[in-house]
Each structure stands twice: as structure tokens, then as C-alpha cells.
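For reference, the chains in residue letters:
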Amino acid sequence: MIGSHVWVEDPDDAWLDGEVIEINGEEIKVKCTAKTVVAKTSSSYPKDPEFPECGVDDMTKLAYLHEPGVLQNLKCRYDANEIYVMQKYKGAALGELSPHPFAVADSAYRQMINEGISQAILVSGESGAGKTESTKMLMRYLAYMGGRVSNAEERSVEQKVLESNPVLEAFGNAKTVRNNNSSRFGKFVEIQFDQRGRISGAAIRTYLLERSRVCQVSDPERNYHCFYMLCSARKEDVEKYKLGNPRTFHYLNQSNCIELDALNDSEEYIATRRAMDVVGISEEEQDAIFRVVAAILHLGNVEFSKGQETDASEPKNDKSRFHLKTAAELFICEWKTSNMPLLFRCDEKSLEESLCKRVFVTRDETITKALDPNAAALSRDALAKIVYSKLFDWLVEKINVAIGQDKESKFLIGVLDIYGFESFKTNRCLTGCHLPACL
Ligand SMILES: Nc1ncnc2c1ncn2[C@@H]1O[C@H](COP(=O)(O)OP(=O)(O)OP(=O)(O)O)[C@@H](O)[C@H]1O
């Protein structure tokens, strides 16, 4: 309608607002402050002429909840220096101040103290919505309320949990369509408190790691960050694990997306090793972890062809034999001085047999059945997935030791950072979308 206020897209300023002065079929002429533009009706959005100068503190109060409206609100609030301080939220009733994770955390903390009941906060939303960032804010507030640091040397629980993040992210995060650093696992962070409401420990419980990603990646996504980091590691590590260009590995080259503009894999490798040092993972343990990561990549490059017997299979060629042999060598964890679990004790022959044959144990006998090339490839992928998820579980346990759990804690506040769902045209059921990916 002529005279109405709208937002139109602009290549320089993202969005421009102005008044419609002319309509020609599917096109409108809009008079903006600095210029007059012609835009398609379908790509313009209505603008609220009564939008308050300082914006609104709750996005749900916006008359139009679309991209230019949200951006305008954020800009106004930024210009007005509307910042959130924890002190302000301490003791304020929910709804009294602007909505914020601090308000939710405060309410949970006070209910825990007043009613003596443990609390849980569920952080949910689409992938990339900001759940992990919100979880960090919730933890920061809970650490502030139940602060226990007795001297400057001691690190707070929040600090310890945050320090472990790079390790979890290296092994549990990946690039997806919506988020370059998407958590592909659910995380329940328990902040544990004593009788007086002071923090006594913390623990991270993880669940539903998306195992299928280890062997299957679709364009334009990536596998878990750690694989690319290791391929871009310092030269001696790349040579030690017989790695090289990530494009030469089947588990990585199914997608064309290998490098990310915003992420330098070789710097991330160094940062991850540093974070491992901080959470108390020794040099030998770090070596064992990366041996397993490299072994999985080599395993993925083992292809199978028909064997001599009917329905049997064997490694396809010398290249496959090389990767099988390297995977077997890397899987061997000979070092016994630490309590790192012995993942495998295998040689090339036994690894080949475990992939190309299936053993059935009945009450009376043990039957060995040869597998055809397709079934052997499925066995290979199943092995890669189970090894990776066991490695991830082991890392989480190690991190929990470093953070310091209080098994005797009186109460806890759990923050559940459920892993992000993608919004499809047809969303049949959340569980239905998630579970198959985790198997
Ligand atoms: N409060 C915030 N302040 C600044 N940046 C933010 C904030 N929330 C989210 N972001 C940005 O959005 C990106 C995605 O956020 P985050 O990783 O928290 O999403 P998520 O909901 O946990 O996604 P997923 O479910 O895919 O793991 C972050 O890397 C960050 O760049």
C-alpha cells in the first residue's frame, strides 16, 4: 500500500527502511533516507511505525518478528548500552527484569535453596540458536551465586568446566549447514552444591553422540573437528600417524567441505592439546587418543572385494592392505603404566578377520560365517563408530576427574544443553529425527 513503511534488502547496509511511494505489479518503489530504491514486494517486510526508540527488552513483544525487526531491536539496545549484569538479577523475581539466562538461573538457585530440591534447566532450540552460549551464561551465574573460590590460585568450577570445552568441542562438534561449531551430542552439566548452597563440585554427562557422522558426511558438512586437526598437525605428528591431505580419506572426502574460513585446524590442534594438558591428560594418553583418531581414518580407507570362497571378501588391493596394516598398528596400545583402557590388541590378520567374518557363538558350537564385500564394509564402519564413541566417553570421564565431582553433594542444578535440531519442511518427530543419526 502506498504510504506504508517497509524494510527492503540492501547490498551495503543489509536492510533499509523507507516509505512505499509507488507500486508497479510485483515491484515497489521505496523512499529511504539516503536514496530511493526499487524492490520486489515478495522480499520486503513491514516495519512497525511505533517501534520504541530504545527497542524492546523482550523480542516476543516486537510487532513483527522478522530478521530486519530483530536486527533493528538489537542495534537500538546496543546503542543504548543495555547490558546485563549479574548483580542486578540477584534475588529479583522471574519476570521482574528483562528476560535473560541470569533470571532463569537465579530462579533455579533460589528454589533449590528455599525448597531444598535439586533443579534442572532445559536449554532447547534449533541448531545455531545459541544453546551452548546460553549454557555458559547459566553456569557463570550459578558459579557467581555459589562461588567457592577461597584464594586467587584456585580455579572456579565454572572455569574448570569452560577449560574442558575445547577438548569436548574437538571431539564432539562439527560443521553443519547451520553452525560451523555445532555440538553433535547432548550435554547435562551438573553443578553440585553443599547444604549451605555453596558449590561443591561439578560433572558433565554426555549422551547421544551422533556416531553416524564418523563414517558418513554429507555436503556441505564436515566430520568431527579432531580428524581435520590431526591432518593439519605439526609435521612430525602427521608423519607418525601416516596421515596427509584430508581429501585422501574416505571418512572426510565424502563432503567437499574440508577447510573452514573461520577455523584454522592446525591452530585448533595446538589449542586442543593445550586444553588436554590443562585437564590432566598426559602426553602418553594424548598420543594414544590421536593414534585412535588416525586409526579410524585409515580404517575408513580399507575397501573390500570378493574373496576366493563364495560370499567371502578380502581387502581390495595393496592400498587397502596398507591402510588395514596401519590401522592395526595404530590400534595397538602397548603402554601399560597408566590406566588408559586397552582398546585393542590386534594385528593386521586378526583385524582383517574381524571385518571379513562374523562369529556366532551358540550353546554347542562356534560358527564362523564369511561376509561379502558390502557386509565387510558395514563391519568396518560399525567398528569405527564404536571405537570413536568409546574414546569420547573416556574423554568425558577424564574431564570429570579434572573438574572434581562431589559424589556426596546435597543438591544439584543441572543444565541440559540438548543438541540442536534442524528445522525441516516436515518435522515428523524430534526423537525420530535424532535417534537414527546416533545409531
Ligand atoms: N549470546 C551470544 N552472544 C554472542 N554470540 C552468540 C550468542 N549466542 C550464539 N552466538 C553465536 O552463534 C553461534 C552458535 O551458537 P551455539 O553454538 O551456542 O548454538 P547452539 O544452539 O548450541 O547450536 P548447536 O545445537 O548446533 O550446537 C556461536 O558460535 C556464536 O557465534
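Please read all numbers here as calculations on a predicted model, not as lab measurements.

### Describing the environment of R222
Structurally, the position occupied by R222 is in the loop between β10 (199-207) and α6 (225-231). As for R222 and Y45, which are separated by 177 residues in sequence, their C-alpha atoms are 34 Å apart. Those residues within four positions of R222 in sequence are excluded, and the remaining contacts are A174, K175, R213, V217, Y228, C257, I258, E259, L260, L263 and D265. Here H225 takes part through its side chain, which lies 3.4 Å from a polar atom of the side chain of R222.

### Description of helix α5 (residues 157-172)
With 16 residues, α5 ought to run about 22 Å at 1.5 Å a step, and its terminal C-alpha atoms sit 21 Å apart, in line with that. Looking only at α5, the buried set comprises V157, E158, K160, V161, S164, N165, V167, L168, A170, F171 and G172.

### What to know about the packing of helix α10 (residues 283-300) against helix α13 (residues 373-403)
Viewed as axis vectors pointing N to C, α10 and α13 meet at an angle of 160°, and their least axial separation amounts to 10 Å. The orientation of α10 with respect to α13, classified from their angle, is roughly antiparallel. As α10 packs across α13, the resulting crossing turns out to be left-handed. Here E285, I289, V292, V293, I296, L299 and G300 of α10 come into contact with α13, specifically with R380, L383, A384, V387, Y388, L391, W394, L395 and K398. Grouping the constituent residues of the contact of α10 with α13 by class yields 12 nonpolar, one polar and three charged.

### Thoughts on the domain arrangement of the protein chain
If you check the domain split of the protein chain, you get domain 1 (5-79) and domain 2 (86-438). On a C-alpha basis, the centroid separation for the pair domain 1 and domain 2 is 42 Å.

### Brief notes about the UniProt feature "domain: Myosin N-terminal SH3-like" (unreviewed entry) in the protein chain
The UniProt record marks residues 1-49 with the feature "domain: Myosin N-terminal SH3-like" (unreviewed entry), using the residue numbering of this structure. Between the C-alpha atoms that bound residues 1-49 the distance is 14 Å, and the span itself is 0% helix and 63% strand.

### Some remarks on the pattern of salt bridges
Side-chain pairing between opposite charges can occur once the charged atoms of the two side chains come close. Per the counting criterion, the structure on display carries 27 salt bridges. E210 is the salt-bridge partner of R213, the closest N and O atoms lying 2.7 Å from each other. The pair formed by R213 and E210 is uniform in burial state, with each residue classed as buried. K242 serves as the salt-bridge partner of E329, at 3.5 Å between the closest nitrogen and oxygen. A residue pair is termed long-range when its members are at least 10 positions apart, and E329 in helix α11 (residues 318-331) and K242 in the loop between α7 (235-240) and α8 (250-253) qualify at 87 residues. With relative accessibility at 37%, the residue K242 sits in the partly exposed group. One network of salt bridges, with partners in common, ties together R184, E210, R213 and E221.

### Notes on the site of the ligand
Taken together, 13 residues surround the ligand, and among them S127, K131, T132, S182 and S183 come closest. In this structure, A129 approaches the ligand through a main-chain N or O atom, which is 3.2 Å from an oxygen atom. Separating an oxygen atom of the ligand from a side-chain N or O atom of T132 is a distance of 2.7 Å. Protein burial of the ligand: of its 620 Å² of free accessible surface, 63% is covered by the chains.

About the thresholds
- Residues numbered from 1 in each chain as written.
- Predicted model: local features only at pLDDT ≥ 70, side-chain atom pairs only at ≥ 80, totals over all residues.
- Heavy atoms only, no water.
- Helix = DSSP H or I, 4+ residues; strand = E, 2+ residues; numbered from the N terminus.
- Contact = heavy atoms within 4.5 Å.
- Polar contact = N/O pair within 3.5 Å; in protein donor to acceptor, adjacent residues only side chain to side chain.
- Expected span 1.5 Å × (residues − 1).
- Buried < 20%, exposed > 50% of the residue type's maximum accessible area, 1.4 Å probe, protein only.
- Axes fitted to C-alpha atoms, helices over the stretch in contact; angles between N-to-C directions.
- Parallel < 35°, antiparallel > 145°, perpendicular 65-115°, else oblique.
- Left-handed = near helix turned anticlockwise from the far one by under 90°.
- Nonpolar A, V, L, I, M, F, W, Y, C, P; charged D, E, K, R; others polar.
- Domains from an automatic or database assignment.
- UniProt positions renumbered as here; feature names shortened; annotations may be inferred.
- Salt bridge = Lys/Arg side-chain N within 4 Å of Asp/Glu carboxyl O.
- Near = heavy atom within 4 Å.
- Areas by Shrake-Rupley, 256 points an atom, 1.4 Å probe, with all protein chains shown as cover.

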